[in-house]
Amino acid sequence: MRNKWKLNVLLSLVVVVSLAGCSSKKAETASPSAGATAAATSAATAAPASPSKAPVPQELNWIIANELPTADSVKSYDTLSSSQIEIFAEGLYKIDGSNKTVPVLATGDPVISADGLTYTIKLRDSLKWSNGDPLTAKDFVFAWKRLFDPKTAAQNASTYFNIKNAQAINEGKKTPEELGIEAVSDTELKITLEYPDTYFTASLSSVNLFPQNEAFVTGKGETYGTTSENTLGNGPFVLSDWDGTGLKWAYKKNENYWDKDNIKLDKINIQVVKETGTGINLYESGAVDVAALSGEYISQYISNPEYLSVLTLTDSNLELGISANKALQNENFRKAISLVINREELVNNVLIDGSKPLTGIVPKGIAVNPDTGTDFSDEAGVLVKTDVEEGKKLWEQAKKELGTDKVTLELVTSDTDTAKKTSQYLQSQLETNLPGVTIELSNVPAKVRFEKMMSYKFDLALGGWTGDFDPVSYLNLFFSTYEHNHAKYKDATYDAYITKIKTEDATNPQVRWKDLQEAQKYILSKAVVAPLYQGASNYLVKSKVKGIVTHNLGTPLEITRAYIEEDSAK
């Protein structure tokens, strides 16, 4: 749920990774290239057709896997919401197809003070909201104050506590007026941090830090971001025909967008399709321009020239409701749960979609050792393994400690095909390998799952996280006061690790790297979460659709610059 990326997170219009529950989406200014196939690369680099030679309608028909939880950028906490908000709104910076941070509403990189604490950013002239109102630096000040105001109850607020006084404001100890952001003029922002942050410029691409129109937001009150009529943006498109709960809505080209001349599409039609087979049928009939693939469908279409695969930086985890369930407060039981899950079998025989088993909390491709260049995950080694016999032994010990031979747990997941298959597999693994354990499945709409997890009242949940190119964006999930610490797990030793990484280690990359590795090893030794797999997103995309940008961090497919090519339109 952040960033910022954080994809988290794992966002523009996208077919959402159905299991990715949250995101922390931010990216490093110089980062690894996106994980996309050659087909995606050619689509992203092809030259747009001239509008005068394109009589075909510039209208895209797209599907996603779940309903839209919120259109309020400040309150957004999941990858699905972020992916949709990025179509009708944008911030100072964005992450491009090479996962580099590039200016959007800003005119260039920030001017950073020698101590790394002050950022000065110039905005483009004559920016406007989609309703024609001027967009100024004050709109960022308003949005950020609202983000940290405890009355807003923004679930991602703590992600940005490196902004001066943000935490104190969020905890009610200071007023929003004391936040470290200032509108020096209509086109200049000054931001002050609590401590230096190498990743801060990249974090400014985060949906949560987008501007908001004060008059419009305050006028709508609690209804802001709940329907298209109650939402205002500044991006390439305007949200329309969304009633807050429906399975269909649209985006229409924003004539007040600063870069409208480079937006080729006139309209994007969105339809929520949860069953993979249904999406493929719609695709084959020509009703939609994209279809998500999973399982056996991938082998069926992998040779199709319209097939596209993107390895994402998204974790899918079995989350444990430790604070809500007494049995899960037993460490041996938690370890047993993780040990009896065969992740290789899950990705190879159930998902069959290019996903990779997770060997730790931080997925492969996030960051490299500043001295050796070794990937974080590779250096960490296999910290998550399958050992059924050891798991059974620990379960026997746990039963003695708990004073019971039977435990029933509810597993909450989204109601997509992939989530259902994964939940059924986990149910089989746990009930077969841990006699006496009963798993009751609850497959619900994504919004309901999010709400259940954020209430901290659940037993087990199939969750996901898209972070950024800073490993701490994944490890922060288990910090005691972090909103997305769904287990509500508290450990003073672990908190000390994370605090040191974020503050004292900021100017010493070698020490910071060592502490990151130690923090991951420590929290996994407590079995607070059962990492499952690093996800891959697989699609069919009509060959007539060009200009798609792929990302392995955040939104796998960015379509705001897409267009329909005349010669291959059908």
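Preceding block: the structure.
In this report, we go over the structure that sits alongside the text.

Criteria and thresholds
- Residues numbered from 1 in each chain as written.
- Predicted model: local features only at pLDDT ≥ 70, side-chain atom pairs only at ≥ 80, totals over all residues.
- Heavy atoms only, no water.
- Pairing = 2+ DSSP bridges.
- Helix = DSSP H or I, 4+ residues; strand = E, 2+ residues; numbered from the N terminus.
- Axes fitted to C-alpha atoms, helices over the stretch in contact; angles between N-to-C directions.
- Parallel < 35°, antiparallel > 145°, perpendicular 65-115°, else oblique.
- Left-handed = near helix turned anticlockwise from the far one by under 90°.
- Contact = heavy atoms within 4.5 Å.
- Nonpolar A, V, L, I, M, F, W, Y, C, P; charged D, E, K, R; others polar.
- Buried < 20%, exposed > 50% of the residue type's maximum accessible area, 1.4 Å probe, protein only.
- Right-handed = clockwise from strand over helix to strand, strands pointing away.
- Core = buried A, V, L, I, M, F, W, Y, C linked by side-chain atoms within 4.5 Å.
- Salt bridge = Lys/Arg side-chain N within 4 Å of Asp/Glu carboxyl O.

Points about the sheet that holds strand E11 (residues 267–272)
- Spatial strand order, E2-E11-E10-E9: 4 strands in an open sheet with mixed pairing. Only two strands of the sheet have a single partner each, and these edge strands are strand E2 (59–64) and strand E9 (237–240). The average angle at which neighbouring strand axes cross in this sheet is 20°, direction not considered.
- Pairing geometry for E9 and strand E10 (residues 248–253), over 4 bridges, is antiparallel. Pairing of Leu 239 across the sheet is with Tyr 251, part of E10.

With respect to the pairing of strand E7 (residues 181–185)
- Of the pairings in the sheet, the one linking E7 to strand E8 (residues 188–192) comprises 4 bridges and is antiparallel in character. The residue bridging Glu 182 from the neighbouring strand is Lys 190, located in E8.
- Linking E7 back to E8 in an antiparallel pair, the connection comprises 2 residues.

Considerations on the packing of helix H9 (residues 331–339) against helix H12 (residues 388–402)
- Between H9 and H12, the least distance of the axes is 8 Å, while the angle of their chain directions is 155°. For the element pair H9 / H12, the angle class is roughly antiparallel. Where H9 crosses over H12, the handedness of that crossing is left-handed. Counting all contacts with H9, which are made through Asn 332, Phe 333, Lys 335, Ala 336 and Leu 339, the residues of H12 involved are Val 388, Glu 390, Gly 391, Leu 394, Trp 395, Gln 397, Ala 398 and Glu 401.
- Tallied by class, the residues present in the contact of H9 with H12 amount to 7 nonpolar, 3 polar and 3 charged.

A closer look at the side chain of Asp 495
- Along the chain, Asp 495 falls in helix H16 (residues 492–502).
- Setting aside chain neighbours within four positions, we find Asp 495 in contact with Phe 478, Phe 479 and Ser 480.

Overview of the environment of Gly 535
- Looking at the element boundaries, Gly 535 is found in strand E18 (residues 529–541).
- A relative accessible area of 3% means that Gly 535 is categorised as buried.
- Note: C-alpha distance between Gly 535 and Asp 353 (182 residues apart in sequence) is 8.3 Å.
- Setting aside chain neighbours within four positions, we find Gly 535 in contact with Leu 311, Thr 312, Thr 314 and Ser 355.

What to know about the pairing of strand E15 (residues 407–414)
- Most of E15 sits out of view: 6 of its 8 residues are buried.
- Both E15 and strand E16 (residues 437–444) contribute to a ladder of 8 bridges, which runs parallel. Following the sheet pairing, Glu 410 is matched in E16 by Glu 440.
- Following the backbone out of E15, through helix H13 (residues 417–433) and into the adjacent parallel E16, one traces a crossover that is right-handed.
- Alignment of E15 against strand E17 (residues 460–466), held across 2 bridges, turns out to be parallel. Within E17, the residue paired with Leu 411 across the bridge is Leu 460.

Things to note about the side chain of Asn 476
- With respect to the helices and strands, the residue Asn 476 is situated in the loop between helix H15 (472–475) and H16.
- Judged by relative accessible area, which is 6%, Asn 476 ranks as buried.
- In this structure, Asn 476 is in contact with Tyr 482, Tyr 494, Ile 498 and Lys 502, ignoring residues within four places of it in sequence.

As for the sheet that holds strand E5 (residues 111–112)
- What the 4 strands build is an open sheet, ordered E5-E6-E8-E7; its pairing is antiparallel. For this open sheet the edge positions go to E5 and E7, each flanked by a neighbour on one side alone.
- Sheet analysis places E5 next to strand E6 (residues 118–122), joined by 2 bridges and oriented antiparallel. Bridging from a neighbouring strand, Val 111 pairs with Thr 120 of E6.
- Sitting on the sheet, helix H3 (residues 137–148) is in contact with E7 and E8, with an inclination near 165° to E7.

Regarding the nonpolar core
- One finds Leu 318, Phe 333, Ile 337, Leu 434 and Leu 460 to be the most contacted residues of the largest nonpolar core, which totals 62 residues.
- A total of 5 residues in this core trace back to one element, the largest contributor, which is helix H17 (residues 509–525).
- Residues within four places of Phe 333 in sequence aside, it is in contact with Ala 327, Leu 328, Trp 395, Ala 398, Val 407, Leu 409, Leu 434 and Val 437.
- Grouped together as the second largest cluster of nonpolar side chains are 46 residues, Leu 60, Ala 71, Phe 237 and Tyr 251 included.

A few points about the pattern of salt bridges
- Applying the stated criterion to the full structure yields 17 salt bridges.
- Put simply, Glu 67 and Lys 274 hold a salt bridge, and the shortest N to O gap is 3.1 Å. Remark: Lys 274 occurs in the loop between E11 and helix H7 (276–285) and Glu 67 occurs in the loop between E2 and helix H2 (79–88); sequence separation between them is 207 residues. As far as burial versus exposure is concerned, Glu 67 and Lys 274 are alike and both buried.
- One salt bridge connects Asp 289 with Lys 544, and the closest N-O pair in it is separated by 3.4 Å. Note that Asp 289 is positioned in the loop between H7 and strand E12 (290–293) and Lys 544 in the loop between E18 and strand E19 (545–546), a separation of 255 residues in sequence.
- Within this structure, Glu 67, Lys 274 and Asp 415 form a network of salt bridges that share partners.

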